[in-house]
Amino acid sequence: MKQTEVCVIGSGPGGYVAAIKAAQLGKKVLVIDRDKVGGVCLNCGCIPSKALITAAGFYDKMQNGAAEMGITAGKTSVDMTKLQTWKQGVVNKLTGGVGQLLKANGCEYMTGEAKFKSPKELEVKTADGKTEVIQATSFIIATGSRPIEIPGFAFDQKNVLSSTEALSLDDLPKRLAVIGGGYIGLEIGSFYQKFGVEVTIIEATKGILTGVVDSDCSQVVARKLKKKGVNIIVNAKAISFKKSGSDLSVTISVDGKEQTVATDKILVTVGRKPNSDQLGLSAIGLKIDAKGFIQVDKQLRTNISHIFAIGDIAGQPMLAHKASREGIIAAEVIAGKNVVMDVKTIPAVIFTDPEIASAGMTVEEAQSKGFEVKVGQFPYAANGRALSMLESEGFVKIVTDKKNNVVLGVHIVGGEASQVISEAALAIEMGATAEDIASTIHPHPTLPEMMMEAAEAALGHPIHIFVKPDRERPLRPTSPPR
Ligand code: NAI
């Protein structure tokens, strides 16, 4: 029997951040994970996918961009085994670093499969077959989510892959069929296409990323994917697949008519589901909603007041940075602070080519909430840094409240959009107006200058694009007091 003050189950960006914060606040902390420290994000999600996306981006630029700059790259090739070794090195550095941080902060780490025995006790089966009982004053459940399987496409690690296997292939398939044109399917599909794989995306709705991001942003990505030769089939449901030798044939139903897609591997990325069925939660009376998410309040507390839940298992959006923030709040609440999860926006990035990054409301969302909006948009093609980076596609779009110019949302599609969006998140959190962004000097030449120009465009007076003067809006208007 082990006793601790805070027991964190799961060591991803939710769990390890919660553990470090709780330890910093003076608590005795035990972290339990069935696997290596770092969770899906560090081991088989965000980090390895970004490493492969970066490599594929280099490869693509060497093949398709360098010539325009007068650089002859010679014959480009990729050694997948070496690439996987490098990717794993990046992962190992980060997971090793997190392990050291946990240790340095005095957190104990235990590897094993955890299950609640009672609301105050956890049973942990360790790899050597032993069972340990843990008693804790508070628990934080941070065990995340896993890929959803669909009928007829059970993951077999060979023909039908989840994102985990798709990030670890030592050989490039000739063809890849991706079922699901969402975050993961598009990120992974895009980098395989760049390495020369023939990619087909099979998407059930009328378009990629439908309802997930600003539709003008997703259209830019869809156009580029098509230009690069990716076959996007929409309104399509995958029904089954057949194997003949090493060839696979996927039967899909498009607008009710059946057709087949020939491929070598099938990647299924139709969403993720919370791991709330694996911890014995129902038996202790913990409330779980119809979608499998543990119900929590603004302090991340479940209906059992000393048990907290954070990250993917506690609701959408399933994003690492949301999990980390929730981890900090849960740890602070446990340490006696009177805090709640109270954010105006959780920014999101999709690492496609070009990237999509957003914070706050889309035009449609703002209008459905009763706002009259004014939109300012600035194209990458008019930004010096973007052109010098061979990134002329895309735009920055700012949605403001017409009444007082307060920034309601920012939607960016374009190179390195991920590096620009944090300013938008800060603006929204601070209740900034378009004037606040437009009057802030942005260093030249940089991509974030487009935030300033888009804000000026929302006010009707951008410098580097021409928009018809807006007589209703005086030059440098003063926003009403907030
Ligand atoms: P997703 O929810 O983003 O997309 C799933 C897509 O599959 C949807 O477009 C849906 O219409 C389609 N679909 C569902 N069933 C289908 C079927 N039977 N046939 C064809 N299409 C079907 O899910 P995804 O891509 O698996 O990602 C899961 C979550 O992981 C995301 O919601 C996101 O929160 C997180 N994530 C975040 C990343 C980031 O921050 N850059 C990267 C990767 C994942």
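Just above, that's the structure.
Scoring rules and cut-offs
Residues numbered from 1 in each chain as written. Predicted model: local features only at pLDDT ≥ 70, side-chain atom pairs only at ≥ 80, totals over all residues. Heavy atoms only, no water. Helix = DSSP H or I, 4+ residues; strand = E, 2+ residues; numbered from the N terminus. Buried < 20%, exposed > 50% of the residue type's maximum accessible area, 1.4 Å probe, protein only. Contact = heavy atoms within 4.5 Å. Areas by Shrake-Rupley, 256 points an atom, 1.4 Å probe, with all protein chains shown as cover. Lys, Arg positive; Asp, Glu negative; His and termini not counted. Charge placed at Lys NZ, Arg CZ, Asp CG, Glu CD. Near = heavy atom within 4 Å. Polar contact = N/O pair within 3.5 Å; in protein donor to acceptor, adjacent residues only side chain to side chain. Axes fitted to C-alpha atoms, helices over the stretch in contact; angles between N-to-C directions. Parallel < 35°, antiparallel > 145°, perpendicular 65-115°, else oblique. Left-handed = near helix turned anticlockwise from the far one by under 90°. Nonpolar A, V, L, I, M, F, W, Y, C, P; charged D, E, K, R; others polar. Core = buried A, V, L, I, M, F, W, Y, C linked by side-chain atoms within 4.5 Å. 1 Å grid on protein atoms, 1.4 Å probe; cavity = no way out; pocket = protein on both sides within 12 Å on 5 of 7 lines; lining within 4 Å. Points joined across faces, edges and corners; volume = space filled by probe spheres on them. Pairing = 2+ DSSP bridges.

(A) Layout of the overall build of the protein chain. Broken down by element type, the protein chain carries 13 helices and 22 strands. Along the first, second and third principal axes, the C-alpha set of the protein chain runs to 70 × 65 × 45 Å. With 482 residues in all, the protein chain has 53% of them scored as buried. Summarising the internal contacts of the protein chain: among those between residues at least 6 apart in sequence, 63% fall at separations of at least 24. With an accessible surface of roughly 22,400 Å², the protein chain has 53% of that area assigned to carbon and sulfur atoms. The distance from the centre of the 55 positive side-chain charges to the centre of the 51 negative ones in the protein chain is 2 Å.

(B) Here's a closer look at the site of the ligand. By nearness alone, 23 residues border the ligand, and Ile 184, Glu 203, Gly 271, Met 318 and Val 349 come closest of all. In the model, a nitrogen atom of the ligand is placed 3.1 Å from a nitrogen or oxygen of the Ala 204 main chain. Between the ligand and Met 318, the relevant distance is 2.9 Å, taken from an oxygen atom to a main-chain nitrogen or oxygen of the residue. Here the ligand, which alone exposes 850 Å², has 79% of that area covered by the protein. Secondary-structure elements contributing two or more residues to the shell around the ligand are helix H6 (183-194) and strand E12 (236-244).

(C) Spotlight on the packing of helix H1 (residues 15-24) against helix H8 (residues 320-334). Packing of H1 against H8 leaves a shortest axis separation of 8 Å and a crossing angle of 30°. The pairing of H1 with H8 is recorded here as roughly parallel in orientation. The element H1 and its partner H8 pack so that their crossing is right-handed. Mapping the contact onto sequence places Val 17, Ala 18, Lys 21 and Ala 22 in H1 and Ser 324, Gly 327, Ile 328, Ala 331 and Glu 332 in H8. Looking at the contact of H1 with H8, its residues break down into five nonpolar, two polar and two charged.

(D) Main features of the nonpolar core. Ranked by size, the top nonpolar core spans 36 residues in total, and within it Phe 191, Tyr 192, Val 199 and Ile 356 carry the most contacts. Where this core is concerned, the elements lending two or more residues are helix H3 (46-64), helix H4 (80-104), strand E9 (175-179), H6, strand E10 (198-202) and helix H7 (215-227). With sequence-adjacent residues up to four places away left out, Ile 356 is seen in contact with Leu 209, Val 213, Cys 217, Ser 218, Val 221, Ala 348, Val 349, Ile 350, Ile 412 and Val 413.

(E) Summary view of the layout of surface pockets. Considered as a void within the structure, the second largest pocket measures approximately 1,000 Å³ in volume. Forming the boundary of the second largest pocket are 33 residues, of which Lys 61, Lys 194, Lys 224, Asp 353 and Glu 391 lie nearest the centre. Breaking the lining of the second largest pocket down by element, the ones donating at least two residues are H3, H6, H7 and helix H11 (417-430). Examining the composition of the lining of the second largest pocket, we find that ten residues originate from one element, H3, more than from any other.

(F) Spotlight on the sheet that holds strand E13 (residues 247-254). Pairing is antiparallel in the open sheet, where three strands are placed in the order E12-E13-E14. For this open sheet the edge positions go to E12 and strand E14 (257-263), each flanked by a neighbour on one side alone. With direction set aside, neighbouring strand axes in the sheet form an average angle of 25°. Bridge count for E12 against E13 is eight bridges, and the pairing is antiparallel.

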